[in-house]
Amino acid sequence: MVTAQVISNEARQEIEKLFHHLPHKQAACIDALKIVQKYNRWVSDEALQELAPILEMSVHEIDSVATFYNIIFRRPVGRHVILLCNSVSCWIMGYEEIKKALKDKLKIDFGMTTKDDRFTFLPIPCLGTCDHAPAMIIDEDLYRDLKPDQLDEILAKYE
Amino acid sequence: MERPLTEHIKQDGTPLSLKEYEAVGGYQGLRNALKVSPADVMNVVKDSKLRGRGGAGFPTGVKWSFVPMGDNAPSPKYIVANGDEMEPGTFKDRLLVEGNPHQLIEGMIISAYAIGASMSYIFLRWAYHEAAKRIQYALNEAYEAGYLGKNILGSPFSLEMDLHTSVGRYICGEETALLNALEGKRANPRNKPPFPQVSGLFGKPTIVNNVETFSNIPHILAKGAQWYISLSKSEGGGGTKLYGASGKVKRPAIWELPLGTTLGEVIEEHAGGMQDGYKLRGLLPGGASTDFLTPDQMNIKLDFEEVAKAGSRMGTGTIIVMDDKTCPVGMCLNLEQFFAQESCGWCTPCREGLPWTAKILLALEEGNGKPEDIDHLTFQTHYNAPGNTFCALAPGAMEPLQSALKHFREDFDEHIHTHRCKYQHG
Ligand SMILES: Cc1cc2nc3c(=O)[nH]c(=O)nc-3n(C[C@H](O)[C@H](O)[C@H](O)COP(=O)(O)O)c2cc1C
Ligand code: SF4
Ligand code: FES
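Here we come to the overall build of chain B. Of the regular secondary structure elements, chain B holds 17 helices and 8 strands. For 426 residues, the compact-globule estimate of 2.2 N^0.38 gives 22 Å, and chain B sits close to it at 22 Å. Along the first, second and third principal axes, the C-alpha atoms of chain B reach 75 × 45 × 35 Å. Relative to its full complement of 426 residues, chain B shows a buried share of 63%. Taking as baseline every contact in chain B between residues at least 6 positions apart, the subset at least 24 positions apart corresponds to 71%. As displayed, chain B offers around 15,600 Å² of accessible surface, 52% of which is attributable to carbon and sulfur atoms. Of note, chain B has its 42 positive side-chain charges centred 2 Å away from the centre of its 49 negative side-chain charges.

This is the structure in structure tokens:
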């Protein structure tokens, strides 16, 4: 029986390259998860099953690593991920207001994805840009000193 | 006033290239180091009174001296730069890795030479995407120029260096948890002893230092220990320190100032004082896991001893300012929710105690507080005290809370008696 492969050959090759400097394959686990996520947007159960023999680990072991970290996604996410900082300096500087504005615009709450699969909206701890609070990251782009009236223009950049 | 770590960082926000770094004296410290023995390098760093900038202030040269040396020492040995910087309110290492990645790389190469390491990693916070690109670019430049790789600058010394970008968890900043993350595991802290200096990454001798700590090393080797000590206004340590402020001050930012600059000078002169319409109510002097200080403590020197004497910790030196329109109970709630979420779950007081603490604070904020809640919160500050937990995360989490209960007790009581938070609008 042939089942569809969720980790592409390209991603596999990139993972194999990690083993080069390392004393054992498990040490590449986190980077391998990052590579899977780069190609697939999130890490599915099927992906874990395919990773297990590559890393010479059990599925359970890999899952315990995958679920430990904040930005390995074990559930499907939209085409773009909005990570809004909810830590202390942003909270002091108006995080609540930005959160409410984003909720109203996207019509979803934290942890949800818009119906058109365009955005997933998540809270995230401090982004290390507290002198320009409030702040958020969309995909890999950082937005700082946020004001509610800038949000439309920012969101419009993401299809 | 000298600012060795930041004076060459460009205003336009672009990083120094290798050529630009060399033109302002870059890699001279490494050249000096390679002319003397590793033991000599270690001694210069000891004499400089450099203390770790990751929060605890441990003397760097002393830490290095615990690494086994000589022909029978285990190998390979590792050097790891801690650039996790996930403590809320902390943003100092970002400036160094974005503005001058070669300074960090040079500091790590010199440190590796001192302890005889042959492999090194930069462990970087996931959110620093731009910094990651710049570090990778700088690493390539350094390899090409012969500062990394085999036989560095024609010497017998060789070193490899790799960048590891984290996938986000505050506990990764704790040095033994960081080593587990680098090994591809869950980032639970490890038992100490053995200390990483003896048995660290993959069981081999490892030195973990903060990004800012390493960034000082090239200057110490270029200009000497006495010069470095003369930069400081503190008895307890040498050099400058990156201080920062966030919250409702006029000019939130990072400044490189003599170690031991007073709190008042940082807040009034550099941060420009409070924004119009806001008064200073209290502040966390060194990140989310430090005790509140109050406006009557502006004369204290920001160094490891004086801040401790004043009842807090210098921590990372990045100040979080609380104004009079921000609720102290709400601020504690925000902080404890963070710590509860980031607890690695390894030990009971932290795994059970932090969520409970956050739940009580949420009840207070929502108007459902009860008089006995104060006792429950006080109990948690003891239950999670140093010595009762496996690592320093939980005790750190209690620092803002225990000091808030002391300095802002009337706010806690008012929440309970009036069944509301008066700071919330609408
Ligand atoms: C929960 C926790 C988080 C930490 N996070 C960091 C961090 O992000 N960066 C850092 O340099 N040190 C952090 N530390 C301190 C490290 O364990 C370690 O002491 C430090 O990296 C040593 O470097 P230094 O001697 O140069 O200060 C953290 C400690 C704890 C307990
Ligand atoms: S104190 Fe918290 S973070 Fe540290 S080991 Fe215990 S559960 Fe983990
Ligand atoms: S608290 Fe939001 S960026 Fe630091």
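Glancing now at the pairing of strand 3 (residues 119–124) of chain A. Residue and element names in this part refer to chain A. Most of strand 3 is tucked away, with 5 of its 6 residues classed as buried. Where strand 1 (residues 80–85) and strand 3 come together, 6 bridges link them in parallel fashion. Across the sheet, leucine 83 pairs through a bridge with leucine 122, a residue of strand 3. Pairing of strand 2 (residues 112–113) with strand 3, which is carried by 2 bridges, proceeds in the antiparallel orientation. What sits directly across from methionine 112, in strand 3, is phenylalanine 121. Between strand 2 and strand 3, which pair antiparallel and follow one another directly, the connecting turn spans 5 residues, one of which, aspartate 117, has a positive phi of 70 degrees.

On to the domain arrangement of chain B. Accessible area lost upon the coming together of the parts serves often as the stated size of an interface. All names here are of chain B. Structurally, chain B comprises domain 1 (18–230), domain 2 (240–323) and domain 3 (328–418). Using only C-alpha atoms to locate each centre, domain 1 and domain 2 end up separated by 27 Å. Across the contact, 18 residues belong to domain 1 and 19 residues belong to domain 2. Across the domain 1 to domain 2 interface the summed buried area is about 1,400 Å²; carbon plus sulfur atoms make up 59%. Summed over the shared surface of domain 1 and domain 2, the result is 2 salt bridges. For glutamate 212, the salt bridge goes to lysine 241, with nearest N and O atoms at 2.9 Å.

Here we take up the packing of aromatic side chains. According to the stated counting rule, one finds 15 aromatic pairs over all chains in the structure shown. Consider the rings of Phe119(A) and Tyr158(A), whose centres lie 6.4 Å apart with planes at 65 degrees: the pair is edge-to-face. Residue Phe119(A) is located in strand 3, and its partner Tyr158(A) is located in the segment after helix 7 (151–155); the two are separated by 39 residues in the primary sequence. Of the two residues examined, Phe119(A) and Tyr158(A), each falls in the buried class. Ring geometry for Phe292(B) against Phe408(B): centres 5.2 Å apart, planes inclined by 85 degrees, an arrangement best described as edge-to-face. One end of the pair, Phe292(B), is in the loop between strand 7 (280–284) and helix 12 (304–309); the other, Phe408(B), is in the loop between helix 16 (393–407) and helix 17 (409–418), with 116 residues separating them in the sequence. Here the two residues Phe292(B) and Phe408(B) agree in accessibility, since each one is buried. Members of the aromatic cluster, each reached through a chain of ring pairs, are Tyr21(B), Tyr27(B) and Tyr147(B). Residue placement shows Arg169(B) over the ring face of Phe68(A); its charged tip is 4.5 Å from the ring centre. The aromatic ring of Tyr278(B) is capped on one face by Lys325(B), whose charged end is 4.9 Å from the ring centroid.

Glancing now at the site of ligand 2. Near ligand 2 there are 13 residues, and of these Cys344(B), Trp346(B), Cys347(B), Cys350(B) and Cys391(B) occur at the shortest range. Taken together, the residues of the shell around ligand 2 sort by class into 10 nonpolar, 3 polar and no charged.

It is worth spelling out the nonpolar core at this point. Within the largest apolar cluster, 175 residues are counted, with the highest numbers of intra-cluster contacts made by Leu33(A), Tyr69(A), Met136(A), Ile105(B), Ile109(B), Met331(B) and Phe412(B). Contacts of Met136(A), omitting those with residues within four sequence positions, involve Ile82(A), Leu83(A), Leu84(A), Leu102(A), Leu127(A), Asp141(A), Leu142(A), Tyr143(A), Leu146(A), Leu151(A) and Ile154(A). Core analysis: the next-biggest nonpolar cluster, separate from the first, contains 22 residues, Trp255(B), Leu263(B), Ile267(B) and Val321(B) among them.

This brings us to helix 3 (residues 45–55) of chain A. Residue and element names in this part refer to chain A. Of the positions making up helix 3, those classed as buried are Ala47, Leu48, Glu50, Leu51, Ala52, Ile54 and Leu55. On the buried face of helix 3, the contacting elements are helix 1 (9–18), helix 2 (29–40) and helix 4 (59–66). Following helix 3 by one or two positions, glutamate 56 has its phi on the positive side, about 55 degrees.

Next up on the list: the interface of chain B and chain A. Across the contact, 52 residues belong to chain B and 38 residues belong to chain A. Summing both partners gives a buried area of about 3,600 Å² for chain B against chain A, and 62% of it is carried by carbon and sulfur. It is Trp126(B), Val167(B) and Arg186(B) in chain B that bury the most area against chain A; as a group they hold 20% of the surface buried on that side. Where chain B packs against chain A, one counts 0 salt bridges. The interface formed by chain B and chain A contains 16 residue pairs in polar contact (both at pLDDT 80 or more). Breaking the side of chain B that touches chain A down by element, the ones donating at least two residues are strand 3 (160–165), helix 8 (175–182), strand 5 (240–246), strand 8 (318–323) and helix 13 (328–342) of chain B. Among the elements that line the side of chain B that touches chain A, the one with the most residues is helix 13 of chain B, at 7 residues. For the side of chain B that touches chain A, the residue count by class is 24 nonpolar, 16 polar and 12 charged.

Reading the values: rules and limits
Residues numbered from 1 in each chain as written. Chains lettered and ligands numbered in written order. Predicted model: local features only at pLDDT ≥ 70, side-chain atom pairs only at ≥ 80, totals over all residues. Heavy atoms only, no water. Helix = DSSP H or I, 4+ residues; strand = E, 2+ residues; numbered from the N terminus. Rg over C-alpha atoms; globule rule 2.2 N^0.38 Å. Buried < 20%, exposed > 50% of the residue type's maximum accessible area, 1.4 Å probe, protein only. Contact = heavy atoms within 4.5 Å. Areas by Shrake-Rupley, 256 points an atom, 1.4 Å probe, with all protein chains shown as cover. Lys, Arg positive; Asp, Glu negative; His and termini not counted. Charge placed at Lys NZ, Arg CZ, Asp CG, Glu CD. Pairing = 2+ DSSP bridges. Domains from an automatic or database assignment. Buried area = accessible area lost by both parts, 1.4 Å probe. Salt bridge = Lys/Arg side-chain N within 4 Å of Asp/Glu carboxyl O. Phe/Tyr/Trp six-rings, centres within 6.5 Å; stacked < 30°, edge-to-face > 60°. Lys NZ or Arg CZ within 6 Å of the ring centre and 35° of its normal. Near = heavy atom within 4 Å. Nonpolar A, V, L, I, M, F, W, Y, C, P; charged D, E, K, R; others polar. Core = buried A, V, L, I, M, F, W, Y, C linked by side-chain atoms within 4.5 Å. Polar contact = N/O pair within 3.5 Å; in protein donor to acceptor, adjacent residues only side chain to side chain.

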